[in-house]
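Breakdown of the fold
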Amino acid sequence: MSERAAQAGVNPEHLNDYLIPLPSIEVQKEIVEELDNYQKVIDGCMQVIDNYKPKNETQVELLQSAAQLINYEGVNPTGLFLQGDAGVGKTHISVGLAKEFMKRGRQVYFATPDSRFDAIRLTDTSVVILDDYNRGYGKGDMYRAVVQHIHENGGRLFVTSNSAYEKVVIQESFVTSQAEIPRYRDRTEGMLKLMLVR
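The following refers to the structure shown. None of these values were measured; they are calculated from a predicted model.

Another aspect to go through is the pairing of strand β3 (residues 127–130). What you see with β3 is no split at all: Val127 and Ile129 on one side and Val128 and Leu130 on the other are buried throughout. Two elements, strand β2 (residues 108–111) and β3, share four bridges in a ladder whose sense is parallel. Its bridge partner being in β3, valine 108 is matched across the sheet by valine 127.

By size, the foremost hydrophobic cluster in this structure holds 20 residues, and its most contacted members are Phe81, Val128, Leu130, Tyr143, Leu157 and Val159. Secondary-structure elements contributing two or more residues to this core are β2, β3, α6 (141–153), β4 (156–161) and α7 (165–174). No other element matches the five residues that α6 contributes to this core. Setting aside anything within four residues of it in sequence, one finds valine 159 in contact with Leu80, Phe81, Leu82, Leu130, Tyr133 and Tyr143.

Quick look at helix α4 (residues 57–71) now. Spanning 15 residues, α4 covers 21 Å between terminal C-alpha atoms, matching the ideal 21 Å at 1.5 Å per step. Burial in α4 covers these residues: Gln59, Leu62, Ser65, Ala66, Leu69 and Ile70. Along the axis of α4, the buried residues cluster in a sector spanning 140°; they form a single face. In this structure, α4 carries Glu57 and Gln68 as exposed residues pointing more than 90 degrees from its buried face.

Across the sheet, which stays open at both edges, the five strands sit in the order β2-β3-β4-β1-β5 with parallel pairing between neighbours. Here the strands that pair on one side only, and so sit at the sheet edges, are β2 and β5 (192–197). On average, each strand axis in the sheet is inclined to that of its neighbour by 10°, with strand direction left out of account.

Our focus in this paragraph is the packing of aromatic side chains. In this description, a pair of aromatic rings is defined by centroid distance and the angle of the planes. If you walk through the whole model with that rule in mind, you get one aromatic pair. A centroid spacing of 5.4 Å and a plane angle of 80° characterise the contact between phenylalanine 81 and tyrosine 165, whose relative ring orientation is edge-to-face. One end of the pair, phenylalanine 81, is in strand β1 (residues 78–84); the other, tyrosine 165, is in helix α7, and 84 residues separate them in sequence. When its relative accessible area of 1% is taken as the criterion, phenylalanine 81 is described as buried. Under the relative-accessibility criterion, tyrosine 165 is labelled buried at 6%.

Reading the values: the criteria
- Residues numbered from 1 in each chain as written.
- Predicted model: local features only at pLDDT ≥ 70, side-chain atom pairs only at ≥ 80, totals over all residues.
- Heavy atoms only, no water.
- Buried < 20%, exposed > 50% of the residue type's maximum accessible area, 1.4 Å probe, protein only.
- Helix = DSSP H or I, 4+ residues; strand = E, 2+ residues; numbered from the N terminus.
- Pairing = 2+ DSSP bridges.
- Core = buried A, V, L, I, M, F, W, Y, C linked by side-chain atoms within 4.5 Å.
- Contact = heavy atoms within 4.5 Å.
- Expected span 1.5 Å × (residues − 1).
- Arc of directions from axis to C-beta.
- Axes fitted to C-alpha atoms, helices over the stretch in contact; angles between N-to-C directions.
- Phe/Tyr/Trp six-rings, centres within 6.5 Å; stacked < 30°, edge-to-face > 60°.

In short, shape yes, function no, at least from these values alone.
Okay, here's the thing in structure tokens:
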């Protein structure tokens, strides 16, 4: 048996001199219960995409496009912009996509209008899901940063909205002058498949 631990100058005899405090049994049981509850939530999310039942052709196309986004192995940035009324399953699919990407080891950022995150933390394999992108989100600052990062570095983007792409992306998120419209339209439309789901 080795006389040393992983650190030079530290041996098992030194470590035996330290007591590591443990929470009481009651606290340990509370921790286990809380972790079990988290696992139940995770297990529930695992069933989300499997339980989505398309009701028409546009919803069938949505499932097919979501599967293509998940299985895409290319290096080009890619994504979906999904427009649809409340109740068509946009958030349902968003959660299912997040779950599936996490199972595949991808770093996933799931944002709602109340969320904030720093696009600097994104990598070329990051997946960003912006759910309900028709309200909030701070005048498009986060969206601009995400699109720019994914456009330049790669990654996946999935956006859901009740409003049309032209309204929320071009008019509200990017454009500070009319001269910028073609550039931003080219950047986002080249990266996103636009879908209207009913």
